[in-house]
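Summary of structural features
Next come the chains, spelled out residue by residue.
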Amino acid sequence: MFRLCTRAQARLATPCTASVTRSLHTKKPLYFSGSNRHARDHKIEPGTQKSITESAAADKKGSELIDTLGSNKSKPATVISSKGSGIGTAPGAKVFTVRPITSWIDKLASEHGSPTGQPSSSKDSAPKYQKRELVLKTMKDSYTEIILPFSTDKALLEEYINWGGTVRHGKIMEDLDALAGAISYKHTDDGKTDSSPLTIVTASVDRIDMLKPLGLSDLRLSGHVTYVGYSSMEVFMKMEEISAKDPKEKGDTILVARFTMVARDALTGKAAQVNPMLLQNDAEKKLFQMGEDHKARKKLAAESALTKRPPTQDERFLIHDLYLEYSKYDDPQLKQKKPDDVEWMADTKMSAIQIMQPQDRNIHNKIFGGYLMRLAYELAFCNASVFIKYRPTFLALDEISFRKPVPIGTFLALDSQIVFSEGGQHHSFQVMVKADVLDIKKGTRETTNTFWFTFKDPKETSGTPKVMPKTYAESMLYLEGKRRRMVGSQLSALNQKNLGL
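Residues numbered from 1 in each chain as written. Predicted model: local features only at pLDDT ≥ 70, side-chain atom pairs only at ≥ 80, totals over all residues. Heavy atoms only, no water.

1. Comments concerning the overall build of the chain
- Helices and strands together make up the secondary structure of the chain, namely ten helices and 18 strands.
- For the chain, long-range pairs separated by at least 24 residues make up 76% of all intrachain contacts whose partners lie at least 6 apart in sequence.
- Total accessible area on the chain is roughly 24800 Å²; 53% of this is exposed by carbon and sulfur atoms. (Helix = DSSP H or I, 4+ residues; strand = E, 2+ residues; numbered from the N terminus. Contact = heavy atoms within 4.5 Å. Areas by Shrake-Rupley, 256 points an atom, 1.4 Å probe, with all protein chains shown as cover.)

Written out as structure tokens, the structure is:
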């Protein structure tokens, strides 16, 4: 088991290591997936498993071969959390982290020379890397968890607690992104220190579902890789309560999340093949199939997006009905007053601008994706609160794609808008947040992310406001929000059923 150390543990230099153990004994047939998903009878396709010698594949029995797969079997390892830094670890421990392990001032010195004017390093001293080898991995090999002991660590609690005495959702989103990155680096590790480095980035957040309200208790965040393609990995994670009486007792699942991570060669920038996966039983085969289904669903959704295809016939009828309704309020001759529970979409905007600082960078010296999620969530929460005149309940974060990295030192403009709310007894609604990087020299802005949040109005005794579009562009946002709400509800129910939650 691997544990992911929190910022407070890192600051206190608390060791957070665990030995790597592997138990692959099974009486059921084993199945290869990912780059070797068509292999059978424990034979590796030529040219795909360079780390397993031909003689080993030919001479050793299946069980003996399985015992030799994987990496770091005898060395401890440490995973660093979203705000982690160097901590005390056992000698020879391997660190899996999405946070930089060197200071920003050292990076500046390496780029521009030391304070004395002398270069801090030379190209001749650059390390020599060997070709990365593929290692067959299981789902268990990438399992990683974070323990957040709020009941005993008051310093940690101080970082996470909100005004009302519960845990900040935005901080959990940061930890989820950090955890997904650590899990991915762990899966792609080949056990060698001189292998060509990889850059792993968050390609998309496929879904985050809040299954029950987030209170104040000790929490366990855990996850592992459930699907691999050539260079992509799907990471499934969940957050559970930890029983105060018995920490080993399984608590309620509060949240489930799926992230898609992509690996690239850090030296060439090209797509890098990730380690293939060995499916050991029917449960793992089901998880892997869910990953393939999610990939197909995303492809279909992209093909039918409103930016590529016109609305369906039912959606066109809906747009016309909305037009007839808002025309009554917008026509001075009719003199029909807009109801108080109807809000023009144009009046639901809220914006913020942030300077991207190096304290929020990742290991690749770009702004950490989890930090962007937190900024977007907190703006969406503020906008939702103003919309319903009450603090909303967070339900889900729908699929988002990280189009471009956000450089350090840039200005990030966040624009939020309520894009879908049926009103009345329909208490859930959609909030969109668009993140743009501003180029102050060129006077341009480029969209890097678009976030879609689902909130619920907890005041079920009264009606929720209805949002009303007036232009065709706003109608497209309304339809997009409606699509995401409907598909998201169906997908959430299906995932919970398949996972037995």
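2. Describing the packing of aromatic side chains
- Applying the stated criterion to the full structure yields 17 aromatic pairs.
- Ring centres 6.5 Å apart and planes at 65° place the aromatic pair Tyr-329 and Trp-344 in the edge-to-face group. Of the two residues, Tyr-329 sits in helix H8 (residues 313–330) while Trp-344 sits in strand E11 (residues 342–344), which places them 15 residues apart along the sequence.
- Tyr-329 sits in the buried class, given a relative accessible area of 15%.
- Residue Trp-344 is classed as buried on the basis of its relative accessible area of 13%.
- One aromatic cluster is present, built from ring pairs that chain together Tyr-377, Phe-381, Phe-387, Phe-394, Phe-429, Phe-451, Phe-453 and Phe-455.
- If you follow Lys-171 out to its NZ or CZ, it ends over the ring of Tyr-160, 5.2 Å from the centre.
- For the cation-ring pair, Lys-470 lies above Trp-344, with the distance from its terminal atom to the ring centre recorded as 4.6 Å. (Phe/Tyr/Trp six-rings, centres within 6.5 Å; stacked < 30°, edge-to-face > 60°. Buried < 20%, exposed > 50% of the residue type's maximum accessible area, 1.4 Å probe, protein only. Lys NZ or Arg CZ within 6 Å of the ring centre and 35° of its normal.)

3. Re the pairing of strand E6 (residues 198–210)
- Most of E6 sits inside the fold, with eleven of its 13 residues counted as buried.
- With two bridges joining them, E6 and strand E14 (residues 400–401) adopt antiparallel strand pairing. Paired with Val-205 across the strands is Ile-400, a residue of E14.
- Relative to strand E13 (residues 393–397), E6 is paired through two bridges, and the arrangement is antiparallel. Paired with Asp-209 across the strands is Ala-396, a residue of E13. (Pairing = 2+ DSSP bridges.)

4. A closer look at the environment of Ala-380
- Secondary-structure assignment places Ala-380 in helix H9 (residues 369–388).
- With 35 residues separating them along the chain, Ala-380 and Asp-415 place their C-alpha atoms 9.0 Å apart.
- Those residues in contact with Ala-380, other than ones at most four positions away along the chain, are Ser-416, Val-431, Val-433, Phe-453 and Phe-455.

5. Description of the environment of Trp-452
- Within the secondary structure, Trp-452 is located in strand E17 (residues 444–456).
- Its relative accessible area of 6% is what places Trp-452 among the buried residues.
- The sequence separation of Trp-452 and Gly-481 amounts to 29 residues, and the corresponding C-alpha distance is 7.9 Å.
- Excluding residues within four positions of it along the chain, Trp-452 makes contact with Ala-396, Leu-397, Asp-398, Glu-399, Ile-400, Val-419, Gln-430, Val-431, Met-432, Glu-480, Gly-481 and Arg-484.

6. A short note on the pattern of salt bridges
- Overall, the coordinates contain 23 salt bridges when judged by the stated rule.
- With a shortest N-O distance of 2.8 Å, Glu-480 and Arg-484 are connected by a salt bridge. Taken as a pair, Glu-480 and Arg-484 lie in helix H10 (residues 472–499) at a separation of four residues, close to a single helical turn. For the pair shown, Glu-480 and Arg-484 are each scored as buried. (Salt bridge = Lys/Arg side-chain N within 4 Å of Asp/Glu carboxyl O.)

7. Here's the deal with the environment of Ile-418
- Tracing the backbone shows Ile-418 in strand E15 (residues 411–420).
- The exposure class assigned to Ile-418 is buried, which follows from its relative accessible area of 0%.
- For the pair formed by Ile-418 and Met-468, sequence separation is 50 residues and the distance between their alpha carbons is 9.7 Å.
- Excluding anything up to four places from it in sequence, Ile-418 contacts Met-345, Thr-348, Asn-383, Ala-384, Phe-387, Phe-429, Gln-430, Val-431 and Val-467.

8. Things to note about the packing of helix H6 (residues 169–188) against H9
- Two elements in contact, H6 and H9, have axes whose closest approach is 8 Å; the angle formed by their N-to-C orientations is 160°. Judged by the angle between their axes, H6 and H9 are roughly antiparallel. Relative to H9, the crossing made by H6 is right-handed. Residues His-169, Gly-170, Lys-171, Met-173, Glu-174 and Asp-177 of H6 form the contact with H9, whose own contacting residues are Gly-369, Gly-370, Tyr-371, Met-373, Arg-374 and Tyr-377.
- Of the residues assigned to the contact of H6 with H9, the class counts are four nonpolar, four polar and four charged. (Axes fitted to C-alpha atoms, helices over the stretch in contact; angles between N-to-C directions. Parallel < 35°, antiparallel > 145°, perpendicular 65-115°, else oblique. Left-handed = near helix turned anticlockwise from the far one by under 90°. Nonpolar A, V, L, I, M, F, W, Y, C, P; charged D, E, K, R; others polar.)

9. Describing the pairing of E15
- A large share of E15 lies buried, amounting to eight of its ten residues.
- Relative to E15, strand E12 (residues 350–355) runs antiparallel, the two being bridged by six bridges. Counted as the bridge partner of Ala-352 is Leu-414 from E15.

10. Considerations on the nonpolar core
- The biggest cluster of nonpolar side chains holds 76 residues, and the ones touching the most others in it are Ile-172, Phe-259, Phe-453 and Phe-455.
- If one sorts the elements of this core by residue count, H9 sits on top with twelve residues.
- In terms of nonpolar packing, the next biggest core, distinct from the first, is built from 13 residues, Trp-452, Val-467, Met-468 and Tyr-478 among them. (Core = buried A, V, L, I, M, F, W, Y, C linked by side-chain atoms within 4.5 Å.)

11. Structural notes on H8
- When the terminal C-alpha atoms of H8 are compared, their 25 Å separation across 18 residues agrees well with the 26 Å that a helix rising 1.5 Å per residue should span.
- Residues of H8 that are buried: Glu-315, Ile-319, Leu-322, Glu-325, Tyr-326, Ser-327 and Tyr-329. (Expected span 1.5 Å × (residues − 1).)

12. Points about the side chain of Asp-141
- Position of Asp-141 among the secondary structure elements: in the loop between helix H4 (104–112) and strand E5 (144–148).
- With relative accessibility at 14%, the residue Asp-141 sits in the buried group.
- A polar contact of 2.9 Å, which involves the side chain of Asp-141, links it to the backbone nitrogen of Thr-138. (Polar contact = N/O pair within 3.5 Å; in protein donor to acceptor, adjacent residues only side chain to side chain.)

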